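The chain contents come next:
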Amino acid sequence: MASDLEETLAFQPRFDANGLIPAIVTDAGDGTVLMFAFMNAEALRLSQKTGLAHFWSRSRQSLWKKGETSGETLRIVEILTDCDQDVLQVKVAPQGRGLACHTGRRSCFYRRVDGGTLSLF
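These numbers were taken from a predicted model, which means no experiment stands behind them.

Some details on the overall build of the chain
The secondary structure content of the chain amounts to two helices and eight strands. In the chain, the succession of helices and strands from N to C terminus is α-β-β-α-β-β-β-β-β-β. Seen along its three principal axes, the alpha-carbon backbone of the chain occupies a region of about 45 × 35 × 30 Å. The buried share of the chain, reckoned over its 121 residues, is 31%. Nonlocal contacts in the chain, meaning residues at least 24 apart in sequence, comprise 41% of its contacts between residues at least 6 apart. If you sum the accessible surface of the chain, you get close to 7500 Å²; carbon and sulfur atoms cover 52% of it. Here the chain holds 14 positive side-chain charges and 14 negative ones, and the gap between their average locations is 11 Å.

Remarks on the pattern of salt bridges
Considering all chains together, one arrives at five salt bridges under this definition. Among the ionic pairs, E42 bridges to R45, the shortest N-O distance being 2.9 Å. Residue E42 and its partner R45 are both found in helix α2 (residues 41-50); the two are separated by three residues, about one turn of the helix. Across the salt bridge formed by E72 and R97, the nearest N and O atoms sit 3.2 Å from each other. Of this pair, E72 sits in the loop between β4 (62-65) and β5 (74-81) while R97 sits in the loop between β6 (88-94) and β7 (111-114); the two residues are 25 residues apart in sequence, bridging distant segments of the chain. On the basis of relative accessibility, which here comes to 5%, the residue E72 falls in the buried class. You can call R97 exposed: its relative accessible area is 66%. Bridged by salt links that share partners, the residues D27, D30 and R106 form one connected network.

Details of the packing of aromatic side chains
Inspection of the entire model under this criterion finds two aromatic pairs. Between the aromatic rings of F36 and F38, the centroid separation amounts to 5.2 Å while the plane-to-plane angle is 80 degrees, which identifies the pairing as edge-to-face. Here F55 and W64 contribute two aromatic rings whose centre-to-centre distance is 5.3 Å and whose plane-to-plane angle is 45 degrees, an arrangement assigned as tilted. On the basis of relative accessible area, W64 is assigned to the partly exposed category, the value being 22%. One cation-aromatic arrangement involves R105 over Y110; the distance from NZ or CZ to the ring centre is 3.8 Å.

What to know about the nonpolar core
In this structure, V25, M39, F55, V90 and V92 are the most contacted members of the largest nonpolar core, which totals 17 residues. Tallying contributions element by element places strand β2 (residues 33-39) first for this core, with four residues.

Description of the pairing of β2
When you tally the buried positions in β2, you get five out of seven residues, the bulk of the element. Sheet analysis places strand β1 (residues 21-27) next to β2, joined by six bridges and oriented antiparallel. Bridge pairing in β2 links V25 to M35.

Analysis parameters
Residues numbered from 1 in each chain as written. Predicted model: local features only at pLDDT ≥ 70, side-chain atom pairs only at ≥ 80, totals over all residues. Heavy atoms only, no water. Helix = DSSP H or I, 4+ residues; strand = E, 2+ residues; numbered from the N terminus. Buried < 20%, exposed > 50% of the residue type's maximum accessible area, 1.4 Å probe, protein only. Contact = heavy atoms within 4.5 Å. Areas by Shrake-Rupley, 256 points an atom, 1.4 Å probe, with all protein chains shown as cover. Lys, Arg positive; Asp, Glu negative; His and termini not counted. Charge placed at Lys NZ, Arg CZ, Asp CG, Glu CD. Salt bridge = Lys/Arg side-chain N within 4 Å of Asp/Glu carboxyl O. Phe/Tyr/Trp six-rings, centres within 6.5 Å; stacked < 30°, edge-to-face > 60°. Lys NZ or Arg CZ within 6 Å of the ring centre and 35° of its normal. Core = buried A, V, L, I, M, F, W, Y, C linked by side-chain atoms within 4.5 Å. Pairing = 2+ DSSP bridges.

Written out as structure tokens, the structure is:
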């Protein structure tokens, strides 16, 4: 039986103990997974307000707008949440050259795990 949280139409994001919620970022056009990041409440608020993806950097301990320096911004098409509202899927239209990864690739997921080794695809 579904819980109230699973059936509500009220957006009630469940942030973890560090105030973060995982965000899976996908291309709204073809569904490709582009990147994974975390959002805090402020990043989520700014993303919704501006229509551009913002995240929380755990390593820098700071808020960042994706593509602010590179021009590779992510325009939000829609945000989905899972059944218990503790993960987000952010569907985006990549701007600039369409390179979501800081390595200059379209996706951060460009290596396949094959046993104990990695291969590019």
